[in-house]
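# Tertiary structure, described
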Amino acid sequence: MEISWLQAVLLGLCACLASMPGMGGSSIGNYTLGRPLVGGLVCGLILGDMTTGVLVGCAMQVVYIALVTPGGTVSADVRAVSYIGIPLAMVALSSYGLSAESAEGAALATSFGTMVGTLGTVLFYGTATINLVWQHMGWAAVEKRQYKKLYLVDMGLPWISHLACSFIPTVIMCKMGTSVVELIKTTLPMDGLAMKTLFTVGSLLPCVGIAILLKQIIKQATDFVPFLFGFVLAASLGINLVSATVVAGMFAIINYKIKMLSARGVPAMAAEEEEDI
C-alpha cells in the first residue's frame, strides 16, 4: 500500500478539522472526528480499505479510551494517532502481510499509534503556543471595542496554527512514512528480537487504557458487572470490538433514557407530596 499526495492532503485536512473548535465545536471535532474509532473509518475511506481502517482504529481506541486532557495537559495527541498513526499502521500491516484481525496485526497497530501519539504532543503544544499570539490580538481588539475582529481571531487566524502544526506535518509524515515503513521492514525482520519485543509491548498497551478507564468508572464492586459484560459477550459469542461497541451503544441509550425519565419524575412526585400535605 502506498499513500498518494492527494490522500496525504485529505488526511492532513482531517487532522486540522479534528482539532479545530470551529468544526462544530469540540464535540464534533476533537471528541468525534479526532477519536481513533472514527478516524479509522475516515482513513479507511480515504485509503480505500475501510475494513482494515476500522479494525486498526478500534485497536488504537482501546489504548486511548480513557484519555482526558485536564487543564490542556495531554499525554498523547489522538489527532496524530488517528490521522498519522492509523495510515502508517495500515501501510505497515500491508507491508508485513499481516491481517488487522490477528493478534500480531493489532499489536503492531497499537505500537505505531503510541509512537505517533507521543510525537503528536509536540504538535499539540506547538499549536497552542502559536494560538497565544491570536489570543493577545483578541484581547487587544476587546480593549479597543473592535468586536468584529474577534471573528477573524476565533475562526480565521487559528487556521495558520493548524496548517503549520497539523496539516503540513500530517501530509509529510503520511507521504514520506511509507518509505520509513519499508526501511523498518528491511531492517527489522518479523522473526527478529526487535519485532517480537514490539509485538509484546503492543499487546500490553490496551491494558493501560482499560486500567485507566477502570480507575475512573469503578466506584463499587457491582460496577465491574456492566464493565465486564462486553468482554464476556465478545468471548462467548466471538464478536469483535465493533460489534461489542454497537451493543454497548444500545445499552447506553437505554440507560440514558431511563435516567432522564427518573429525573423528570422527581419534581412531579415532590409536587404531589406538597399537595397532599
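Here the structure is a predicted model, which means the values were calculated and not measured. (Residues numbered from 1 in each chain as written. Predicted model: local features only at pLDDT ≥ 70, side-chain atom pairs only at ≥ 80, totals over all residues. Heavy atoms only, no water.)

## Quick look at the pattern of salt bridges
- If you walk through the whole model with that rule in mind, you get 1 salt bridge.
- Ionic pairing is found between Glu2 and Lys175, a salt bridge with its closest N-O pair at 3.9 Å. Note that Glu2 is positioned in the segment before helix H1 (5-19) and Lys175 in helix H8 (residues 158-187), a separation of 173 residues in sequence.
- Taking relative accessible area as the criterion, Glu2 reaches 60% and is therefore assigned exposed. (Salt bridge = Lys/Arg side-chain N within 4 Å of Asp/Glu carboxyl O. Helix = DSSP H or I, 4+ residues; strand = E, 2+ residues; numbered from the N terminus. Buried < 20%, exposed > 50% of the residue type's maximum accessible area, 1.4 Å probe, protein only.)

## Considerations on the environment of Ile239
- Position of Ile239 among the secondary structure elements: in the loop between helix H10 (224-237) and helix H11 (241-276).
- Not counting residues within four places of it along the chain, the set of residues in contact with Ile239 comprises Leu233, Ala234 and Ala244. (Contact = heavy atoms within 4.5 Å.)

## Regarding the state of the cysteines
- All told, the structure shown has 0 disulfides when counted by the stated rule.
- No disulfide involves Cys165; its nearest neighbouring cysteine sulfur is the one of Cys16, lying 9.8 Å away.
- Residue classification places Cys165 among the buried residues on the basis of a relative accessible area of 11%. (Disulfide = S-S within 2.5 Å.)

## A word on unusual backbone geometry
- For Arg145, which is not glycine, the phi torsion reads 60° and is therefore positive.
- Note on placement: Arg145 falls in the loop between helix H6 (103-143) and helix H7 (149-156).
- A relative accessible area of 66% means that Arg145 is categorised as exposed.

## A closer look at the packing of helix H4 (residues 50-63) against helix H5 (residues 78-96)
- At their nearest, the axes of H4 and H5 sit 10 Å apart, and the two run at 120° to each other. Regarding the angle of H4 to H5, the classification is oblique. Handedness of the crossing formed by H4 with H5: right-handed. On H5, the residues that touch Thr52, Gly53, Val56, Gly57 and Met60 of H4 are Val81, Gly85, Ile86, Ala89, Met90 and Leu93.
- Here the contact of H4 with H5 is built from residues that sort into 7 nonpolar, 4 polar and no charged. (Axes fitted to C-alpha atoms, helices over the stretch in contact; angles between N-to-C directions. Parallel < 35°, antiparallel > 145°, perpendicular 65-115°, else oblique. Left-handed = near helix turned anticlockwise from the far one by under 90°. Nonpolar A, V, L, I, M, F, W, Y, C, P; charged D, E, K, R; others polar.)

## A word on the packing of helix H3 (residues 36-47) against H5
- Running from amino to carboxyl end, H3 crosses H5 at an angle of 45°, the nearest separation of the two axes being 9 Å. With respect to each other, H3 and H5 are oriented oblique. At the point where H3 passes H5, the crossing takes the right-handed sense. Contact residues: Pro36, Gly39, Gly40, Val42, Cys43, Gly44 and Leu47 in H3; Val78, Val81, Ser82, Tyr83, Ile86, Pro87 and Met90 in H5.
- Considering only residue class, the contact of H3 with H5 consists of 10 nonpolar, 4 polar and no charged.

## Quick notes on the side chain of Arg79
- Tracing the sequence through the fold places Arg79 in helix H5.
- The exposure class assigned to Arg79 is buried, which follows from its relative accessible area of 6%.
- Once residues lying within four places of it in the same chain are set aside, the contact partners of Arg79 are Ala15, Ala18, Ser19, Gly34, Ile84, Gly120, Leu123, Phe124, Thr127, His162 and Ser166.

## A few points about the confidence of the model for the protein
- Confidence in the prediction of the protein, expressed as mean pLDDT, is 77, and 78% of residues score 70 or more.
- The lowest-confidence element of the protein is helix H9 (residues 193-217), averaging 66 in pLDDT; the highest-confidence one is H3, averaging 89.
- The model gives residues 268-277 a pLDDT under 50, and that stretch makes 0 contacts with residues more than four places away or in other chains. (pLDDT = per-residue confidence, 0-100.)

## Here we look at H5
- The largest bend in H5 comes to about 35°, at Gly85, with the proline Pro87 one to four residues further on.
- Across the 19 residues that make up H5, a large majority, 18, are buried. (Bend = angle between axes of the 7 residues up to and from the residue.)

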